[in-house]
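Given next are the chains, with one letter for each unit.
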Amino acid sequence: MKVLYLHQHFEYKKSGTRSYQFARWLVEQGHEVTLITGMDHDYKWMDGIRVLSTKTKYCQTFSFLKRLMAFLHFVIMSFLLMLRTKEADVIYATSTPLTVGIPAVLASRIKRIPMVFEIRDVWPDVPIELGILKNKWMIGAARKLEGWIYAHAVHLVTLSDAMKENVQSKVPGKRVTTIPNLANNQWVDHLPIDTNQMLKDFPCLDHPFKVIHHGSMGRVNHVEYLIDLAEKSKEIRYIAIGSGAEKEKLQRLKKERKVDNLFILDEVDKTTGYYILSMCQVGIVTVADFEILNMNSANKFFDYLASRLPVVLNYEGWQKEVLNRCQAGNGFPFAEQEAIVDYLRLLKNDENLYTAASANAKNAAISHFDADKLSERFENVLISSLPEEAEACRKEVMPEAGRRS
């Protein structure tokens, strides 16, 4: 099977490595993958994956107009690259942004091959709910674009069942599969960590109980929530790692309010991030107070579980249900900061409770979100989307006995 994989914000060394892991899995199973990205990477091949770049300049701090121009640049250049890639059996396009679907649909129709579309965030619902997208004409255009893309996909992939329900309400009868983000159990379990070196590089880790927020610091993440928690629990150390539009605001608030038990670090590579997680006690995920964000599927949630960290959320939804069912943490309504602090103190002071929650977190990562199991589900979605003749040919080339166990 020859796959054209379209991902504007493709990452290899940072937190969002879902596409890299999926593409690598396909290569390991004997498929061919050409991945088209906007990121200006300095390599053309990576672990058997052919990587093509549109060299689209993009930053989270760009103005709305500048972001729009970046999206348009990627639409045009990626479409041209897709046309130049002559042999392909299926296109897999992953959002955000939603505009990624435009070149995918057009190339699909021209090449007469199926297109599978992955919905990482429910757009345009999220920017509309958050008040980012206000113009009624742009909202109308965004909704029409969403419907057009969904209609031309032979299969849709969402990252949570809540997102799946949202999508199915818009396109009844469409094939939709949930593939949540991945817990990299095999990778995490075999990382050789030098604790002494880590303490030298990151002195803030020298504390008996640390709560970590690892990842994006955009408007959706509402990281200033950490300031409030830190003020209410001076005996707990909070660590925030990452980048985003709200990071400067977080640093300013920390200084203004003299919050000494919150440490704000720059973004690190994936491996260093896992090292840091392994030396912390609890992982936290925060979002702004909008109900639609309860269906999110942030990478950090799965990284925490793989790293044996009990997880705390400042929202409710499907992830809270997972944590409660597995007894691996808890989720709370946005306004209940005191309840979150009480729960963190309980984990800090009750060694038996903490040990059980830590073990349960790892069990949840293995049972529900293991990277290899979900990568195989992803592969099966692509195979099921192929025309019957192509699928039969693929099975002949790749007999079941040759698959990785």
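Look up: the structure comes first, before these words.
Predicted, not measured: the structure shown is a model, and the values here were computed from it.

Here the focus is the nonpolar core. Counting 131 residues, the largest nonpolar core has Phe117 and Leu262 as the members making the most contacts within it. A per-element tally of this core places helix α16 (residues 371-385) first, with 6 residues.

Moving on to the packing of aromatic side chains. We describe a pair of aromatic rings using the distance from one ring centre to the other and the angle between the two ring planes. In the structure shown here, the tally under the stated rule is 15 aromatic pairs. A ring pair is formed by Trp318 and Phe369, whose centres lie 6.4 Å apart and whose planes are at 65°; its orientation type is edge-to-face. Taken as a pair, Trp318 in helix α13 (residues 318-326) and Phe369 in the loop between α15 (351-368) and α16 lie far apart in primary sequence, 51 residues in all. The residues Trp318 and Phe369 share a single accessibility class, namely buried.

Attention shifts here to the sheet that holds strand β7 (residues 155-158). Spatially, 8 strands are ordered β3-β4-β2-β1-β5-β6-β7-β8 in an open sheet, and the strand pairing comes out mixed. Where the open sheet ends on each side, the last strands, each with one partner, are β3 (45-46) and β8 (176-178). In this sheet, strand β5 (residues 90-94) lies alongside strand β1 (residues 2-6) in parallel orientation, the contact comprising 4 bridges. Across the sheet, Leu6 pairs through a bridge with Ala93, a residue of β5. Seen against the sheet, helix α6 (residues 161-170) touches β6 (115-119), β7 and β8 and runs at an angle of roughly 165° to β8.

A word on unusual backbone geometry. For the peptide bond that leads from Ser95 to Thr96, omega is 5°, which places it in the cis range. Along the chain, Thr96 turns up in the loop between β5 and α3 (101-111). Following Thr96, the chain continues to Pro97 via a peptide bond in cis, the omega torsion being 0°. Following the sequence through the fold, Pro97 ends up in the loop between β5 and α3. For Asp47, which is not glycine, the phi torsion reads 50° and is therefore positive. Mapped onto the secondary structure, Asp47 falls in the loop between β3 and β4 (49-53). Judged by its relative accessible area of 43%, Asp47 is partly exposed. Notably, Arg308 is not glycine yet its phi reads approximately 70°, a positive angle. Mapped onto the secondary structure, Arg308 falls in the loop between α12 (299-306) and β13 (311-313).

What counts and how
Residues numbered from 1 in each chain as written. Predicted model: local features only at pLDDT ≥ 70, side-chain atom pairs only at ≥ 80, totals over all residues. Heavy atoms only, no water. Core = buried A, V, L, I, M, F, W, Y, C linked by side-chain atoms within 4.5 Å. Buried < 20%, exposed > 50% of the residue type's maximum accessible area, 1.4 Å probe, protein only. Helix = DSSP H or I, 4+ residues; strand = E, 2+ residues; numbered from the N terminus. Phe/Tyr/Trp six-rings, centres within 6.5 Å; stacked < 30°, edge-to-face > 60°. Pairing = 2+ DSSP bridges. Contact = heavy atoms within 4.5 Å. Axes fitted to C-alpha atoms, helices over the stretch in contact; angles between N-to-C directions.

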